[in-house]
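# Chain and residue survey
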Amino acid sequence: ALPHGHTPKDIPRNTRMNDSFHPLLYGLQRYEYGWLLPFMGRLPYHWARALSDLRGAWNARQSRDWTELAVGFRYLANRAHKGYQEILDDCTPTQVSALVRQRYQMIAREEYEGQLAINGSLLHKLQLDIEPLRGLLAKRRPGKGLVVVMPHLDNLFVGLVGLAQCGVPVNLMTSDVVQDSRVHESLRAFFALKYKSYESLMSGGRFMPVSAAGRQYFHTALGRSEIVAVMSDAPASSEGPGTWVQWFGKERKMTNGALRMALATGSELVAVACWQTQPGRMAWIYSDIEDPNLDRPPNGEVGSRVYGRLFAFIEGAIRQAPGHWWAAHLLQDFEVRHDKN
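Overview of the structure. Please read these numbers as outputs of a predicted model, since none were measured by experiment.

One non-glycine residue with positive phi stands out, namely S225, at about 65°. Since its relative accessible area comes to 22%, S225 is described here as partly exposed. Its identity is not glycine, yet F248 carries a phi of approximately 50°, on the positive side. If you trace the backbone, F248 turns up in the loop between β6 (243-247) and β7 (250-254). For F248, a relative accessible area of 4% corresponds to the buried category.

This is the structure in structure tokens:
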């Protein structure tokens, strides 16, 4: 699998020369991750944010995401444009293009904040209002694990830091797809440092890839009443497990690892989203805490109504800050059910 869940057959390569990258644009990553981001990490926050936004705007103009560079051609901006058009049908083409630009700027900011985590200055430069999260954790049932369903909205790593700052271990289900050999070696090294640095802020929680060993670890962590976070706004494969939910106007098949984990461990489920309301100031919102083990209809899929409510919440969160949702390009990949019969 390629970054962002794509495989070569999923990406129709256009043969026009201007859809392929000049090798220089790939090679520049060595200086971006080896020099530019470390330099930005030492600047005053507002200067670095301005530089980050400029970098993101340039990447948007080039349709230059690290995923696109890894596969060698442009496709994400076009896919994101279609995704935003589908969920915001009242937007003009100019407004949709602005959202696509914001998406690339969001990626650039997430990378800059990853550098702050590496430098050990993240908590000094960002203002984290974690009082809503303390309110969330106070509503948990004692002795229960908590599976947190999060979208790829804003900087999800900072979102997890906020939860961990409340004093509970936070674990994250990750993907090792960034270690694909086509990803530039400088970016692979940056990701390894970023993951290690964020993990040190998780109050003893760990980042683990999806694997048999990882699933066993997460089940054990939930048995200790810890938190396991899963990025769940991704399409399920047509052959694999999934749960059908109403999402952005259509019934779509969502990946359901979070739901299955909660059912298997007797844990609770909640959806959490966060984004920067002002530069450097992060805010959180969350859904009601749900127990999917109590949702056992006489007919139908166990937990499907719970999952539907969580994704209704996530849809509402994305609509509040659509340009911060950097998975908009995946919307075209969801299997859609047109006829239940």
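Next, the rest of the story.
Attention now moves to the pattern of salt bridges. When the charged atoms of two side chains lie near each other, side chains of opposite charge can form a pair. What the rule picks out here adds up to 19 salt bridges. Linking D65 and R103 is a salt bridge whose minimum nitrogen-to-oxygen distance equals 3.3 Å. Separated by 38 residues along the polypeptide, D65 in the loop between α3 (45-62) and α4 (66-71) and R103 in helix α6 (residues 93-119) bring together distant segments of the chain. Given a relative accessible area of 2%, D65 falls into the buried group. Here R319 and E315 are joined by a salt bridge, their closest N and O atoms 3.1 Å apart. Taken together, the positions of R319 and E315, both in helix α13 (residues 304-320) and four residues apart, correspond to about one turn of that helix. The class for R319 is partly exposed, based on a relative accessible area of 37%. Under the relative-accessibility criterion, E315 is labelled buried at 16%.

Judged by side-chain polarity, Y31, W35 and F39 come together as a nonpolar surface patch covering roughly 370 Å² of accessible area. Relative to the helices and strands, F39 is located in helix α2 (residues 29-41).

Attention shifts here to empty space enclosed by the protein. Tallied over the entire structure, the rule returns one cavity of 30 Å³ or more. Looking at the largest cavity, its volume works out to about 100 Å³. Taken together, 13 residues line the largest cavity, and the ones lying closest to its centre are Y33, N59, R64, D65 and W66. Of all the elements in the fold, those that place two or more residues in the lining of the largest cavity are α2, α3, α4 and α6. Here the lining of the largest cavity takes four residues from α6, the largest share from any one element. Here the lining of the largest cavity is built from residues that sort into six nonpolar, two polar and five charged.

Turning our attention to the side chain of S267. Within the element layout of this structure, S267 appears in the loop between α12 (257-265) and β8 (268-278). Only 2.7 Å separates the side chain of S267 from the side chain of T265, close enough to count as a polar contact. Those residues in contact with S267, other than ones at most four positions away along the chain, are G145, L146, V147, L222, A262, D291, P292 and N293.

Now for the pairing of β6. For β6, the buried fraction is high: four of the five residues fall into the buried class. Bridging between β6 and β7 involves five bridges; their strand directions are antiparallel. Each residue of the ladder has a partner; that of T243, found in β7, is M254. The antiparallel hairpin formed by β6 and β7 contains two residues in its connecting segment, where F248 sits at a positive phi of about 50°.

Conventions and cut-offs
- Residues numbered from 1 in each chain as written.
- Predicted model: local features only at pLDDT ≥ 70, side-chain atom pairs only at ≥ 80, totals over all residues.
- Heavy atoms only, no water.
- Buried < 20%, exposed > 50% of the residue type's maximum accessible area, 1.4 Å probe, protein only.
- Helix = DSSP H or I, 4+ residues; strand = E, 2+ residues; numbered from the N terminus.
- Salt bridge = Lys/Arg side-chain N within 4 Å of Asp/Glu carboxyl O.
- Patch = residues over 30% accessible without salt bridge, like charges linked within 9 Å, V, L, I, M, F, W, Y side chains within 5 Å.
- Areas by Shrake-Rupley, 256 points an atom, 1.4 Å probe, with all protein chains shown as cover.
- 1 Å grid on protein atoms, 1.4 Å probe; cavity = no way out; pocket = protein on both sides within 12 Å on 5 of 7 lines; lining within 4 Å.
- Points joined across faces, edges and corners; volume = space filled by probe spheres on them.
- Nonpolar A, V, L, I, M, F, W, Y, C, P; charged D, E, K, R; others polar.
- Polar contact = N/O pair within 3.5 Å; in protein donor to acceptor, adjacent residues only side chain to side chain.
- Contact = heavy atoms within 4.5 Å.
- Pairing = 2+ DSSP bridges.

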